[in-house]
Amino acid sequence: NAFAVDLAGSLRASTSALRAARDAVDGGGAKEVIIAAADARMAMPGDPAERTLGDAAAAMIIGKDNVIAEIMDIYSTTHEYIDVWRRPEDKYIQAADAKFTLDTGYTQFMAQAAKAILEKNNLKPDDIASVAAYSPDSRVLKSIAKSLKVAPEKCVNLLDSVGDSDAANALLALVWAIEKAKPDDLILALNHSSGADAVLLKVTDNISKWKSRKPID
């Protein structure tokens, strides 16, 4: 299987970068890798997305020594699917039909990736302490939780405070989940765009000694 990746023009660039960093560290190509994701997109005036988009950035270091969360597994899928786009000459983003995006991208693709990674690791949805999933708004996040068969309160929701930060969205939610986690907690990070990424992490005892330099809240 080939790993299809876009580190610049995709909503799931952050989780793709996380996988590439993990592979580089595991393969001995690097001792540590810093990944960062940031986005600031504009919606057309009057578009509902104008109220929900938010500007944000997140970063983390991927390594092997003294980690606060261990990457247990990563599962990715690729589909020929376009939901949101912006050409180089465009000032504003454009989007496909909202229901099509919800039913296919946000729920179907991410649910498939989540189910696959849980089955591969002999886990059930109830085993997961928190879910850091991409979502454009709080209403869609509830639909995602339902498709994953997890309690809505387990899904990290920064949408009302930060908004939809697009490419930074899933990584920002993952950072928040790690900040709030306890040793041995399992965290499932999910991202979508032309397919989906599922990242399974286990929090280590080092979390008890770690303090975020700039907590999200």
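The structure presented is a predicted model; accordingly, all values stated were derived computationally and were not measured.

What follows concerns empty space enclosed by the protein. Taken as a whole and judged by the stated rule, the model has two cavities of 30 Å³ or more. The volume enclosed by the largest cavity comes to roughly 70 Å³. Taken together, Ala133, Ser135, Leu141, Val156, Leu158, Leu159, Val162, Gly163, Ser165, Asn169, Leu172 and Ala173 make up the lining of the largest cavity. Broken down by element, the lining of the largest cavity gets its largest block of residues, three residues, from helix H5 (residues 169–180). Considering only residue class, the lining of the largest cavity consists of eight nonpolar, four polar and no charged. A volume near 30 Å³ is recorded for the second largest cavity. Every residue along the wall of the second largest cavity is listed here: Thr15, Leu18, Ala170, Leu171, Leu174, Ala189 and Val199. Residues that form the lining of the second largest cavity fall into these classes: six nonpolar, one polar and no charged.

Moving on, we get to helix H1 (residues 13–26). One turn of the α-helix equals 3.6 residues, which is why residues spaced by three or four share an orientation. End to end, H1 covers 20 Å across 14 residues, agreeing with the expected 20 Å (1.5 Å per residue, within 8%). Where burial is concerned, most of H1 is hidden: ten out of the 14 residues are buried. What H1 keeps buried is the set Ala13, Ser14, Thr15, Ser16, Ala17, Leu18, Arg19, Ala21, Arg22 and Val25. Packing partners of the buried residues in H1 comprise strand S1 (33–39), strand S2 (56–62), strand S3 (69–78), H5, strand S7 (186–192) and strand S8 (195–203). Within two residues after H1, Gly28 carries a phi angle of roughly 85°, on the positive side.

Locating Ile144 in the fold gives a position in helix H4 (residues 138–148). For Ile144 and Tyr134, which are ten residues apart along the polypeptide, the C-alpha to C-alpha distance reads 9.1 Å.

This part takes up the nonpolar core. Counting residues in each nonpolar core, the largest one holds 33 residues, and the members touching the most others are Leu18, Ile35, Met60, Leu174 and Ile178. Those elements that place two or more of their residues in this core are H1, S1, S2, S3, H5, S7 and S8. It is H5 that provides the largest number of residues to this core, a total of seven residues. Aside from chain neighbours lying at most four places away, what touches Ile178 is Met60, Ile68, Ala69, Ile187 and Ile207. If you look at the next biggest cluster of nonpolar residues, it comprises 29 residues, including Ile117, Tyr134, Leu148 and Leu188.

For a regular strand, side-chain orientation follows a simple rule: the groups alternate between the two sheet faces. For S7, the tally of buried residues reaches seven of seven residues, placing the bulk of the element in the interior. Side-chain alternation along S7 places Leu186, Leu188, Leu190 and His192 on one buried face and Ile187, Ala189 and Asn191 on a second face that is also buried. Two strands pair when backbone bridges link them, and strand S6 (residues 130–133) and S7 are joined in this way by four bridges, in the parallel orientation. Note that in S7 the partner of Val131 across the bridge is Leu188. The sheet contact formed by S7 and S8 spans seven bridges and is antiparallel. Within S8, the residue paired with Asn191 across the bridge is Asp197.

A few words on the environment of Asp39. Considering the arrangement of structural elements, one finds Asp39 in strand S1. Residues Asp39 and Asp55 lie 16 residues apart in sequence; the distance between their C-alpha atoms is 5.9 Å. For Asp39, the contacting residues outside a window of four places in its chain are Gly54, Asp55, Ala56, Ser165, Asp166, Ala167 and Ala168. There is a polar contact of 3.1 Å between the side chain of Asp39 and the backbone nitrogen of Ala167.

Criteria and cut-off values
- Residues numbered from 1 in each chain as written.
- Predicted model: local features only at pLDDT ≥ 70, side-chain atom pairs only at ≥ 80, totals over all residues.
- Heavy atoms only, no water.
- 1 Å grid on protein atoms, 1.4 Å probe; cavity = no way out; pocket = protein on both sides within 12 Å on 5 of 7 lines; lining within 4 Å.
- Points joined across faces, edges and corners; volume = space filled by probe spheres on them.
- Helix = DSSP H or I, 4+ residues; strand = E, 2+ residues; numbered from the N terminus.
- Nonpolar A, V, L, I, M, F, W, Y, C, P; charged D, E, K, R; others polar.
- Expected span 1.5 Å × (residues − 1).
- Buried < 20%, exposed > 50% of the residue type's maximum accessible area, 1.4 Å probe, protein only.
- Contact = heavy atoms within 4.5 Å.
- Core = buried A, V, L, I, M, F, W, Y, C linked by side-chain atoms within 4.5 Å.
- Pairing = 2+ DSSP bridges.
- Polar contact = N/O pair within 3.5 Å; in protein donor to acceptor, adjacent residues only side chain to side chain.

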